[in-house]
Amino acid sequence: MGAANFHRRPGLARVLQDNVRRGLRTRLHRAAGPPWALINRRSTDGLCKVRSHGFGGVTDLPRLYEYGVPDRGNHAWSIDEAESRPFIKRALEGGINFFDTANRYSLGSSEEILGRAIKDFARRDEVVIATKVHGRMRPGPNGGGLSRKAIMSEIDASLRRLGTDYVDLYQIHRWDYGTPIEETLEALHDIVKTGKVRYIGASSMHAWQFARALGISERYGWTRFVSMQNLVNLLYGEEEREMLPLCAAEGIGVIPWSPQARGRLTRDWDYTSIRTETDAAHQRLFAKSAEQDRQVVDRVAAVAAARGIPRAQVALAWLFSKPVITAPIVSATKLHHLDDALASVNVKLSADEITSLEEPYVPHGVVGFV
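Let me begin by describing the structure that accompanies this report. Predicted, not measured: the structure shown is a model, and the values here were computed from it.

### A few points about the overall build of the chain
Link 1 in the chain: Scanning the chain from N- to C-terminus turns up 13 helices and 10 strands.
Link 2 in the chain: In the chain, 79% of the contacts between residues at least 6 apart in sequence involve partners at least 24 apart.
Link 3 in the chain: Element-wise, carbon and sulfur atoms account for 51% of the exposed surface of the chain, whose accessible area totals about 14700 Å².

Put into structure tokens, the structure is as follows:
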């Protein structure tokens, strides 16, 4: 896996720089169940390293994920509202101000939990809320996807569940092969113009698809995607071939999901939990490369042991070493997971450590959206 430095075009960080001058420092975190959080970190060691993403100031801190009603939808490992509220409160206290979820997560209960917590623990204008559209919410031809009808219906449903009148970042969760991309992009542009959405983003897809969408938006003068949420971690570096260079060249914020490879990078290889037993993605994403992946996990453990820090911090610090990465998405079902994520931004890996971590990597088949 290459360790190339990617360079953004000058001038694209203007919004970010304006926010930094006002003292804002943020970073993405995925909130369980799946809300995610972007971090507005006010640390005692000065400004965190700042990177451009186009939808506000962002610093080097992760996001949260795991909150929702476990028996709704397909995230049986999610933690319920009573358990999740201390995580959201702690995240806000730790400087996280960006929370990301999706309509599909726990069939809407993730949005409901996040909305109520934000109302109780924060001021709406001081947090950034992100959600997604595409996943199937009900039976029938209009119960999912990215048609104009679906987008117009789902943004209103998300706003009701979140208890807010606008979403800061609205992301397409996957590519919709059944809807012309022009229809999707114009609908997204229209909900931005109505004030229901501030910015739009995308998630895992082929780089050519993302490039095409960006080009179409520019051609018609429609609102442009500002972020890409894709799969990037020490066990899966295929995005470094095309998607990450594209995002760097276009000034797109990169907010990777599963930065710790579903927890594989953070603990012993044979560890099991409710999530490893119920999350089909564990096998779908990594089953075909287990032998090589285990060598990478061993390297993470070695670096962590030498430094005397948790493995999670090493896995996240590797992502922070890549200039193209804006912020990773992390899962937190225990409060120390959140503390590790916050601490990881201050872990600076040496060139030798990065080489050691990347050396065992072998090419993988494309996963995450195919």
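### Examining helix α4 (residues 148–162)
Link 1 in the chain: Helix length check: α4, at 15 residues, gives a terminal C-alpha distance of 21 Å against a target of 21 Å (1.5 Å per residue), a fit within 8%.
Link 2 in the chain: Where α4 is concerned, the buried positions are Ala150, Ile151, Glu154, Ile155, Ala157, Ser158, Leu159, Arg161 and Leu162.
Link 3 in the chain: On its buried side, α4 packs onto α3 (109–121), β6 (128–133), β7 (167–172), α5 (181–193) and β8 (197–203).
Link 4 in the chain: Within two residues after α4, Gly163 carries a phi angle of roughly 70 degrees, on the positive side.

### Quick notes on the packing of aromatic side chains
Link 1 in the chain: Counted according to the given criterion, the structure contains three aromatic pairs.
Link 2 in the chain: Ring centres of Tyr220 and Trp222 lie 4.7 Å apart, and the angle between their planes is 20 degrees; on these two criteria the pair is classed as stacked.
Link 3 in the chain: On the basis of relative accessible area, Trp222 is assigned to the buried category, the value being 16%.
Link 4 in the chain: We note Arg198 situated over the ring of Tyr166; from NZ or CZ to the ring centre the distance is 3.8 Å.

### Considerations on the side chain of Gln260
Link 1 in the chain: Mapped onto the elements of the fold, Gln260 is located in the loop between β10 (253–254) and α8 (274–278).
Link 2 in the chain: In this structure Gln260 touches Asn233, Leu265, Thr266, Ala312, Ala315, Leu316, Val330 and Ser331, once residues within four positions along its chain are discounted.

### Quick look at the nonpolar core
Link 1 in the chain: In terms of nonpolar packing, the biggest core is built from 72 residues, with Tyr170, Phe210, Phe225 and Leu265 touching the most fellow members.
Link 2 in the chain: Here this core gets six residues from one element, more than from any other, and that element is α5.
Link 3 in the chain: Dropping the residues within four chain positions of it, Leu265 is found in contact with Asn233, Leu234, Leu235, Pro259, Gln260, Val296, Val297, Val300, Arg311 and Ala315.

### Here we look at the environment of Gln209
Link 1 in the chain: Summarising the element assignment, Gln209 is placed in helix α6 (residues 207–220).
Link 2 in the chain: A sequence separation of 28 residues divides Gln209 from Ile181, and the C-alpha atoms of the two residues are 9.2 Å apart.
Link 3 in the chain: Gln209 has contacts with Trp175 and Tyr177, leaving out every residue within four places of it along the chain.
Link 4 in the chain: Here the side chain of Gln209 touches Tyr177 through a polar contact of 2.9 Å, side chain to side chain.

### Comments concerning the environment of Leu107
Link 1 in the chain: Examined against the element boundaries, Leu107 turns out to sit in the loop between β5 (98–100) and α3.
Link 2 in the chain: When the C-alpha positions of Leu107 and Met137 are compared, they lie 6.5 Å apart, and in sequence the two are 30 residues distant.

### Things to note about the packing of helix α10 (residues 290–307) against helix α13 (residues 351–358)
Link 1 in the chain: The N-to-C vectors of α10 and α13 enclose an angle of 155 degrees; their axes lie 8 Å apart at closest approach. Here α13 runs roughly antiparallel to α10, going by the angle between their axes. For the pair α10 and α13, the contacting residues are Val296, Arg299, Val300, Val303 and Arg307 in the first and Glu353, Ser356 and Leu357 in the second.
Link 2 in the chain: Grouping the constituent residues of the contact of α10 with α13 by class yields four nonpolar, one polar and three charged.

### Observations concerning the pattern of salt bridges
Link 1 in the chain: Inspection of every chain in the model, using the stated rule, returns 20 salt bridges.
Link 2 in the chain: Its salt-bridge partner being Arg90, residue Asp339 comes within 2.9 Å of it at the nearest N-O pair. With Asp339 in helix α12 (residues 335–344) and Arg90 in helix α2 (residues 81–93), the pair connects residues that are 249 residues apart, well separated along the chain.
Link 3 in the chain: Classification of Arg90 as partly exposed rests on a relative accessible area of 27%.
Link 4 in the chain: A single salt-bridge network, built from bridges that share partners, covers Arg123, Asp125 and Glu126.

### Here we look at helix α11 (residues 311–320)
Link 1 in the chain: Buried residues dominate α11, accounting for nine of its 10 residues.
Link 2 in the chain: Among the residues making up α11, those that are buried are Ala312, Gln313, Val314, Ala315, Leu316, Ala317, Trp318, Leu319 and Phe320.

### Details of the packing of α5 against α6
Link 1 in the chain: Closest axis-to-axis distance for the α5/α6 pair is 10 Å, and the angle between their directions is 60 degrees. When the interaxial angle is binned, α5 and α6 end up oblique. The way α5 lies across α6 gives a crossing that is right-handed. Of α6, the residues touching α5 (which contributes Ile181, Glu182 and Leu185) are Arg212, Ala213, Ile216 and Ser217.
Link 2 in the chain: For the contact of α5 with α6, the class distribution of residues is four nonpolar, one polar and two charged.

Criteria and cut-off values
Residues numbered from 1 in each chain as written. Predicted model: local features only at pLDDT ≥ 70, side-chain atom pairs only at ≥ 80, totals over all residues. Heavy atoms only, no water. Helix = DSSP H or I, 4+ residues; strand = E, 2+ residues; numbered from the N terminus. Contact = heavy atoms within 4.5 Å. Areas by Shrake-Rupley, 256 points an atom, 1.4 Å probe, with all protein chains shown as cover. Expected span 1.5 Å × (residues − 1). Buried < 20%, exposed > 50% of the residue type's maximum accessible area, 1.4 Å probe, protein only. Phe/Tyr/Trp six-rings, centres within 6.5 Å; stacked < 30°, edge-to-face > 60°. Lys NZ or Arg CZ within 6 Å of the ring centre and 35° of its normal. Core = buried A, V, L, I, M, F, W, Y, C linked by side-chain atoms within 4.5 Å. Polar contact = N/O pair within 3.5 Å; in protein donor to acceptor, adjacent residues only side chain to side chain. Axes fitted to C-alpha atoms, helices over the stretch in contact; angles between N-to-C directions. Parallel < 35°, antiparallel > 145°, perpendicular 65-115°, else oblique. Nonpolar A, V, L, I, M, F, W, Y, C, P; charged D, E, K, R; others polar. Salt bridge = Lys/Arg side-chain N within 4 Å of Asp/Glu carboxyl O. Left-handed = near helix turned anticlockwise from the far one by under 90°.

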